[in-house]
Amino acid sequence: MSINTKIVDDLVANDISFITTVPCKQLAGVIDEIDARPDVLHVPSNKEDEGMGLCAGAWMGGKRPAIIMQNTAIGVTINTLATLIQYYRMPLPMLISYRGELREPVACQVEMAVHTKALLAQMNIPTYHFHKQSDADELDAILKYTFMCNKPVAILTDANFWGGYGDQ
Amino acid sequence: MIRSDILKEIAPILRDQLVVCNIGLPSQEMHMIDDQPTNFYMLGTMGLSSSIGFGLALAQDKKVISIDGDGSVLTNFGTLPTIANNVANNYILLIIDNGSYGSTGDQPTYAGKKTSLAAVARACGCENVVEVAAKDTGKALQEAIDGDQMTIIVAKCESGNIKVPVITMDPVVIRDRFMTSVQA
Ligand SMILES: Cc1ncc(C[n+]2csc(CCOP(=O)(O)OP(=O)(O)O)c2C)c(N)n1
Ligand SMILES: [Mg+2]
């Protein structure tokens, strides 16, 4: 089974039926897989804070949401995480491509990579880092944990996890 | 007419509807005029009233009205293409366009100058966009509720604020009673 299928199987098995995305090259496969699933409403957003607003509404409407985005979006969403998702106590799994780690070809990505974990820690956001494909064995438990505690939870997925960038 | 005059006039229409209310004075005014468990008050997060309401409309069948402001729509313009391209016919976006950042002291916005929010919404692909004078807001809102089409209403009014207390209700209480109303 491909890693994209495994990830989306876990999302669906945890009753996640509303997903918003802003793409990253590394997330292309998982986004394709979401589009192939009739049980999931995929609503692409134009900016990740907008996407978190959609997720907040969807959750209040009875659907379990998730957001899929790049780690650079942590810089876009701090205010929304603090004043909407955390302040109103809402669950939000965030599947995040962790750009700027080992094997990164684009130097600028490193500039947000060095802040990513520090920002998440400062926000008291539970954070998991998938480095090897077997790390995704914990995804199911992480999703259950997210909806148990009603918090935003970050799942950072680095280049090694996705198998590198291929030819650049 | 200023924003609070519009809200006073439409409060009876809004009473039984799910309403997501914009940050700052709009929420405080709605809370003072006619507090309802069906009102979701935003206490922060400028810009996301339309997004929260739209996510809610996509997730369930009841009508949802987002009350937004011109400044907040300007800060989250990305919302309009998302709304246009994922039509939810149980969704109404009411933009109270007073041409200013009212809650922070009526600094002018570009919507009060050359920029037409109705034209922007249409350019983004929204199909049912109506711009009305403040006094016609209630009629336009009632028509949108009675109709079965997603509607964007831009209500043009004057800048100006009344004195209102802040909302001291806990956010989790606001959210919990709102979710109970959504499920009812
Ligand atoms: C990110 C951010 N920037 C600025 C503010 C301050 N602020 C709160 S409400 C508001 C004005 C919103 O204007 P508008 O949406 O037109 O609503 P009005 O008060 O005019 O009805 C501003 C600038 C904020 N809360 N968050
Ligand atoms: Mg305004």
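Calculation notes
Residues numbered from 1 in each chain as written. Chains lettered and ligands numbered in written order. Predicted model: local features only at pLDDT ≥ 70, side-chain atom pairs only at ≥ 80, totals over all residues. Heavy atoms only, no water. Contact = heavy atoms within 4.5 Å. Buried area = accessible area lost by both parts, 1.4 Å probe. Salt bridge = Lys/Arg side-chain N within 4 Å of Asp/Glu carboxyl O. Pairing = 2+ DSSP bridges. Helix = DSSP H or I, 4+ residues; strand = E, 2+ residues; numbered from the N terminus. Axes fitted to C-alpha atoms, helices over the stretch in contact; angles between N-to-C directions. Near = heavy atom within 4 Å. Polar contact = N/O pair within 3.5 Å; in protein donor to acceptor, adjacent residues only side chain to side chain. Areas by Shrake-Rupley, 256 points an atom, 1.4 Å probe, with all protein chains shown as cover.

Chain B goes by Sulfopyruvate decarboxylase subunit beta in an unreviewed UniProt entry, where it is assigned to Parasedimentitalea denitrificans.

Per an unreviewed UniProt entry, chain A carries the name Sulfopyruvate decarboxylase subunit alpha and comes from Parasedimentitalea denitrificans.

A. Region of interest: the interface of chain A and chain B. Contacts between the two partners involve 26 residues from chain A, matched on the other side by 28 residues from chain B. Buried surface at the junction of chain A and chain B, both sides included, amounts to about 2100 Å², of which 68% is carbon and sulfur. Considering only the side of chain A, the residues that lose the most area to chain B are A:Glu50, A:Met60 and A:Tyr88, jointly responsible for 34% of the buried surface there. Taken together, chain A and chain B are joined by 0 salt bridges.

B. Structural detail: the sheet that holds strand E8 (residues 151–156) of chain B. Residues and elements named next belong to chain B. Taken in spatial order, the 6 strands make up an open sheet running E2-E1-E3-E4-E8-E7, and their pairing is parallel. The two strands at the open ends of the sheet, each matched to only one other strand, are strand E2 (39–41) and strand E7 (129–133). Here the average twist between neighbouring strands, direction ignored, is 20°. Direction of pairing for E7 relative to E8: parallel, over a ladder of 5 bridges. Paired with Val129 across the strands is Ile152, a residue of E8. Sitting on the sheet, helix H7 (residues 137–146) is in contact with strand E3 (64–69), strand E4 (91–97), E7 and E8, with an inclination near 175° to E8.

C. Just the sheet that holds strand E6 (residues 152–158) of chain A, in detail. All names here are of chain A. Pairing is parallel in the open sheet, where 6 strands are placed in the order E2-E1-E3-E4-E6-E5. Of all strands in the sheet, those with a lone pairing partner are strand E2 (41–42) and strand E5 (127–130), marking the two edges. In the sheet, strand E4 (residues 92–98) pairs with E6 via 7 bridges, with the strands oriented parallel. Across the sheet, residue Ile96 finds its bridge partner in E6, namely Leu156. Contacting strand E1 (16–21), strand E3 (64–70) and E4, helix H3 (residues 48–60) crosses the sheet at an angle of about 170° to E3.

D. Structural context of the site of ligand 1. All names here are of chain B. Taken together, 15 residues sit near ligand 1, with Arg3, Asp70, Gly71, Ser72 and Gly102 positioned nearest. Here an oxygen atom of ligand 1 sits 2.8 Å away from a polar atom, N or O, in the main chain of Gly71. Residue Gly102 places a main-chain N or O atom 2.7 Å away from an oxygen atom belonging to ligand 1. In the complex, the protein chains occlude 73% of the 590 Å² of accessible area that ligand 1 would expose alone.

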